[in-house]
Amino acid sequence: MPTDVIMPQMGESIFEGTITKWLKKAGDRVEKDEPLFEISTDKVDAEIPAPVAGVLAEIRIPEGATVEVNTVVAVISESGRTSGAGGGAVGASATAPPAVTSPAVVAKNVPAHAVQAELSKQKRSSPLVRRIAKENNLDLNRIAGTGSGLEGRITKEDVLRHLSELGSRNVSPNANVPKAPLAPPQVAPQEPQPLTKMRAIIAQRMVESMQISPHVHLVYKVDMTRIVRLREREKASFEQRHGVKLTYMPFIATAAIETLTKFPIVNASMVDGAIQYHQNIHLGIAVALEWGLIVPVVKQAEERGFVDLARAIADLAARARTKKLLPDEATGSTFTLTNSGIFGEEFGTPIINQPESAILAIGGLRKEPAVVTDAEGNDSIAIRPVQYFCLGFDHRTIDGADAGRFMGTFKQALEGWEREIG
């Protein structure tokens with residue numbers, strides 16, 4: 001039986017993808033999980049593996065075309081035959097080799113000749129790049145040379161660099177180029193602007209989460225003195241030994257994971273009116289991108305040591321920013337950390353990432369005066385590095401007492417840190 005190959009959904013707010021390259025041609029033998037084609041979305045670039053072993057009988061969507069998720073882009077025949085009626089076996093005995101279906105099958109029903117003409121005259125780029133170019137009235141063909149991406153694709157960095165160069169030159173007033181590299185312009189629109197599909201889906205998910213879960217938030221202040229001193233003392237040697245920078249995130253993630261093992265209700269989900277306890281802790285780490293937000297997931301986080309966890313977080317964050325995540329690396333989280341403090345705020349009140357029951361927002365690290373009591377009970381004022389953490393939780397699943405105990409234990413894990421970091 002033939003197997004359909006579909007455009008995968010690379011995250012909750014992704015609704016379409018662009019096929020940037022076919023790694024196999026029609027008639028080729030493919031193995032299960034072998035890279036089959038490359039895609040680009042507004043958040044992720046990835047190689048998509050073959051779902052089964054067999055022969056690539058038909059390619060329905062050509063390179064450069066953009067289609068909605070779950071669109072059938074190809075067909076794999078396990079028997080080695082094409083999927084069309086009367087198609088012969090692929091190989092030397094085939095009566096007619098499989099062929100790429102005309103671009104006319106692309107979602108918007110554009111004539112084949114128009115699609116091919118458009119693809120040939122435009123430089124290769126992702127939907128995000130084309131959106132930035134449109135917002136800045138930029139013709140991508142004005143960018144000299146090939147792009148820095150795969151197969152000469154123009155990347156977001158190429159576009160922003162080009163806009164920045166334009167802004168620093170003495171451009172003729174009559175030149176058809178933008179005068180400022182702002183994307184998007186920080187000017188209030190003169191008329192209502194329709195939501196993009198991505199923005200509409202994000203809005204829908206946020207409204208759904210607020211409607212589904214009665215949100216409650218707890219804010220705890222944590223004295224990070226021990227963590228700060230340990231990191232300052234060990235960061236150089238840690239990077240030399242393990243090849244990854246020592247940030248505060250693995251400390252916070254380790255404390256969260258250890259606390260979740262003691263309070264499994266915070267790692268649970270409400271499913272069909274019942275509480276589902278998860279066997280593993282799949283830790284989501286929200287990564288802010290210039291064009292949106294994505295939550296890559298550290299799977300089986302409770303099984304990882306400090307060094308392994310630090311490497312996994314750094315790797316996922318880096319690949320999220322370069323759009324190199326695999327499809328299953330952006331789904332399946334059971335608890336999420338979101339570091340809103342990088343933007344300077346003291347703390348935020350996050351919205352739960354459904355179907356999770358809780359999310360922990362990390363505030364900015366700052367120095368504050370604090371009352372310090374010595375062994376004899378004498379009080380004094382000292383400067384301490386502190387950080388605010390806000391737990392957003394679903395009150396259907398988690399009671400306030402459980403949330404308070406969770407946060408108290410989490411606070412103690414950081415303030416009383418005594419673990420080896422490798």
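Notes on the structure in this doc start here. The shown structure was predicted, so the numbers you read here are calculated from the model rather than taken from an experiment.

1. Here's the deal with the layout of surface pockets
- Within this model, the second largest pocket holds a volume of roughly 570 Å³.
- In this structure, the second largest pocket is lined by 28 residues; those nearest its centre are Thr247, Met249, Arg321, Asn339 and Ile342.
- The biggest single contributor to the lining of the second largest pocket is helix α7 (residues 306–321), with 5 residues.

2. Focus on the pairing of strand β12 (residues 283–289)
- Among the 7 residues of β12, 6 are classified as buried, and the element is accordingly described as predominantly covered.
- Taken together, the 2 bridges between β12 and strand β14 (residues 297–298) define a ladder with antiparallel strand orientation. Across the sheet, Gly284 pairs through a bridge with Val297, a residue of β14.
- When β12 meets strand β15 (residues 335–338), the two strands line up parallel, connected through 4 bridges. Pairing of Ile285 across the sheet is with Leu337, part of β15.
- By the bridge criterion, 3 bridges tie β12 to strand β13 (residues 292–294) in an arrangement that is antiparallel. Residue pairing across strands places Val287 opposite Ile294, the latter belonging to β13.

3. Focus on the packing of helix α6 (residues 249–262) against helix α8 (residues 400–415)
- Interaxial distance between α6 and α8 falls to 9 Å at its minimum, and their mutual angle equals 135°. Between α6 and α8, the angle is such that the two are oblique. The element α6 and its partner α8 pack so that their crossing is right-handed. For the pair α6 and α8, contact is made by Phe251, Ile252, Ala255, Ala256, Thr259, Leu260 and Lys262 and by Phe406, Thr409, Phe410, Ala413 and Leu414, respectively.
- Split by residue class, the contact of α6 with α8 holds 9 nonpolar, 2 polar and 1 charged.

4. A few points about the pattern of salt bridges
- Counted by the stated rule, this structure contains 19 salt bridges.
- With its nearest N and O atoms 3.5 Å apart, the salt bridge here joins Lys221 to Glu368. Residue Lys221 is found in strand β9 (residues 215–223), and its partner Glu368 is found in strand β16 (residues 358–373); the two are separated by 147 residues along the sequence.
- One connected set of salt bridges, linked through shared partners, spans Arg231, Glu232 and Lys235.

5. Examining the packing of aromatic side chains
- One pass over the structure, following the stated rule, counts 9 aromatic pairs.
- Where Phe347 meets Tyr388, the ring centres are 6.3 Å apart and the plane angle is 40°; that geometry is what we call tilted. Placement of Phe347 in the loop between β15 and β16 and of Tyr388 in strand β17 (residues 379–394) is noted, with a sequence separation of 41 residues between them.
- Within the aromatic cluster, the residues linked to one another by ring pairs are Phe238, Phe251, Phe306 and Trp417.
- Taking the ring centre of Trp417 as reference, the NZ or CZ of Arg419 above it sits at 4.4 Å.

6. Brief notes about the nonpolar core
- In terms of nonpolar packing, the biggest core is built from 80 residues, with Val73, Phe335 and Leu337 touching the most fellow members.
- The contacts of Leu337, once residues within four sequence positions are left out, are Met249, Ile252, Ala253, Ala256, Leu283, Gly284, Ile285, Ala286, Leu360 and Ile362.
- Judged by nonpolar contacts, the second largest core, of 9 residues, contains Val129, Leu140, Ile154 and Leu163.

Cut-offs used in this document
Residues numbered from 1 in each chain as written. Predicted model: local features only at pLDDT ≥ 70, side-chain atom pairs only at ≥ 80, totals over all residues. Heavy atoms only, no water. 1 Å grid on protein atoms, 1.4 Å probe; cavity = no way out; pocket = protein on both sides within 12 Å on 5 of 7 lines; lining within 4 Å. Points joined across faces, edges and corners; volume = space filled by probe spheres on them. Helix = DSSP H or I, 4+ residues; strand = E, 2+ residues; numbered from the N terminus. Buried < 20%, exposed > 50% of the residue type's maximum accessible area, 1.4 Å probe, protein only. Pairing = 2+ DSSP bridges. Axes fitted to C-alpha atoms, helices over the stretch in contact; angles between N-to-C directions. Parallel < 35°, antiparallel > 145°, perpendicular 65-115°, else oblique. Left-handed = near helix turned anticlockwise from the far one by under 90°. Contact = heavy atoms within 4.5 Å. Nonpolar A, V, L, I, M, F, W, Y, C, P; charged D, E, K, R; others polar. Salt bridge = Lys/Arg side-chain N within 4 Å of Asp/Glu carboxyl O. Phe/Tyr/Trp six-rings, centres within 6.5 Å; stacked < 30°, edge-to-face > 60°. Lys NZ or Arg CZ within 6 Å of the ring centre and 35° of its normal. Core = buried A, V, L, I, M, F, W, Y, C linked by side-chain atoms within 4.5 Å.

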